[in-house]
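One letter stands for each residue in the lines below.
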Amino acid sequence: MKKVVAIGELLIDFVPQQKGCALDEVTHFERVAGGAPANVAAAVARLGGSAAMVSQVGEDAFGTHILKVLKGNGVDTSAVFRTNRANTGLAFVSLDATGNREFSFFRNPSADLFLDESQIKPELFADCAALHFCSVDLVDWPVRGAHRRAIALAREAGALVSFDPNVRLPLWDSPAECQATIRAFLPSADLVKLSDDEVEFVTGCADERVAAEQLLAGGCKLVLITRGANGSAVYTKTTEAFADTLSVPVTDTTGAGDSFIGSFLYQLTRDGVDADGLSALSQSQLAQYLRFSAQYASLTVQHKGAVMATLDQLKQAYPDCTE
């Protein structure tokens, strides 16, 4: 199986021990290695696929912890660099009664922002099936150039490009800057994943289907939309499919979207689906992919932090899951 390469932020999530209170009321936190691209890479690797992470951490204990966790999950960290120019980023999280989150970020700057395009080498994309990135590290720092080079090299290697904007407005100077940057990178993506609360911000369309049609007309080949408790949807130029969310007790939604797209990319890679093959996927195959990813994400939300399950754990919870 070819590998999935993820590029972007690595940070520590401080997850609250209490639920149902504001961030300024939380008294105890638990340290959890995080960063959306890293969660995606971990999901692929935990399911039995091949995954690599491209990023940078500080020469501090938090960076060391993140590297240990990634390696422990089976993620290739040979392209995770270390720097003394800044510390590893931190994010403090609060959870409301339903498990939804509020963030406070400490990265002014953080080590990942100094990742430079000169550090992105062609050999990173040898035997690469997919490159996955988000918008958090598309801010105006050297790491933005690193993303552009990674996308170009992934294209040259024949890999499909996956983009989950994963909007985090507090990290941007303005919502308009965030929106403009995301829209500038959309044409680079073969697959775009959005949550339902990001659709209008990213595309300007409140209607999900119209938004998907707009993205597909712009060159994207597959649009994946997660709707929380209201299920998920996938659109291509030839078909569409839908799946329900599974009813499980929700502890924490951190990593839910990452586990969904990570498991979706795992399935594409497992089945050898390349960028051109996205448009040829049948409705039944897409529906099967959605159900697998819904099952996988349902395991993540039952834990604190972005805990990614193994394939064996998924089979134990859902014996009907399709490998």
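Details of the structure are given in the entry above.
Residues numbered from 1 in each chain as written. Predicted model: local features only at pLDDT ≥ 70, side-chain atom pairs only at ≥ 80, totals over all residues. Heavy atoms only, no water.

**A word on the pairing of strand β11 (residues 222-226)**
- Most of β11 is tucked away, with five of its five residues classed as buried.
- Side chains of β11 alternate between two faces, with Leu-222, Leu-224 and Thr-226 and Val-223 and Ile-225 buried alike.
- Taken together, the five bridges between strand β10 (residues 191-195) and β11 define a ladder with parallel strand orientation. In the sheet register, Val-192 faces β11, and the bridge partner there is Val-223.
- The hairpin formed by β11 and strand β12 (residues 232-235) contains five residues between the paired strands, and Gly-228 there has a positive phi angle of roughly 60°. (Buried < 20%, exposed > 50% of the residue type's maximum accessible area, 1.4 Å probe, protein only. Helix = DSSP H or I, 4+ residues; strand = E, 2+ residues; numbered from the N terminus. Pairing = 2+ DSSP bridges.)

**Here we look at unusual backbone geometry**
- For the bond running from Asn-108 to Pro-109, omega is -5°, close enough to zero to count as cis.
- With respect to the helices, strands and loops of the structure, Pro-109 is situated in the loop between β7 (101-106) and β8 (128-134).
- Non-glycine residue Asp-127 carries a positive phi angle of around 60°.
- With respect to the helices and strands, the residue Asp-127 is situated in the loop between β7 and β8.
- Despite not being glycine, Asn-166 has its phi angle at roughly 45°, a positive value.
- As for its position among the elements, Asn-166 is in the loop between β9 (160-164) and α4 (175-185).

**A short note on the environment of Gln-18**
- One can find Gln-18 in the loop between β2 (11-16) and β3 (29-34).
- On the basis of relative accessible area, Gln-18 is assigned to the partly exposed category, the value being 25%.
- On a C-alpha basis, the gap between Gln-18 and Leu-67 in space is 27 Å, while along the polypeptide they are 49 residues apart.

**Details of the sheet that holds β8**
- Taken in spatial order, the nine strands make up an open sheet running β5-β4-β1-β8-β9-β10-β11-β12-β13, and their pairing is mixed. The outermost strands of the open sheet, each flanked by one partner alone, are β5 (76-83) and β13 (240-243). Looking at each pair of strands side by side, their axes are set apart by 15° on average, direction ignored.
- Sitting on the sheet, helix α8 (residues 283-300) is in contact with β11, β12 and β13, with an inclination near 30° to β13. (Axes fitted to C-alpha atoms, helices over the stretch in contact; angles between N-to-C directions. Contact = heavy atoms within 4.5 Å.)

**Focus on the pairing of β9**
- Buried residues dominate β9, accounting for five of its five residues.
- Note that the unit made of β8, helix α3 (residues 142-156) and β9 has a crossover that is right-handed.
- Of the strand pairs in this sheet, β9 and β10 are connected by two bridges, and their pairing is parallel. What sits directly across from Phe-163, in β10, is Val-192. (Right-handed = clockwise from strand over helix to strand, strands pointing away.)

**Section: the packing of aromatic side chains**
- Applying the stated criterion to the full structure yields ten aromatic pairs.
- Centre to centre, the rings of Phe-92 and Phe-106 are 5.4 Å apart; their planes meet at 75°, and the pair counts as edge-to-face. Separated by 14 residues along the polypeptide, Phe-92 in strand β6 (residues 89-95) and Phe-106 in strand β7 bring together distant segments of the chain.
- Note on Phe-264 and Tyr-289: the rings are 5.7 Å apart at their centroids and 80° apart in plane angle, and the pair reads as edge-to-face. (Phe/Tyr/Trp six-rings, centres within 6.5 Å; stacked < 30°, edge-to-face > 60°.)

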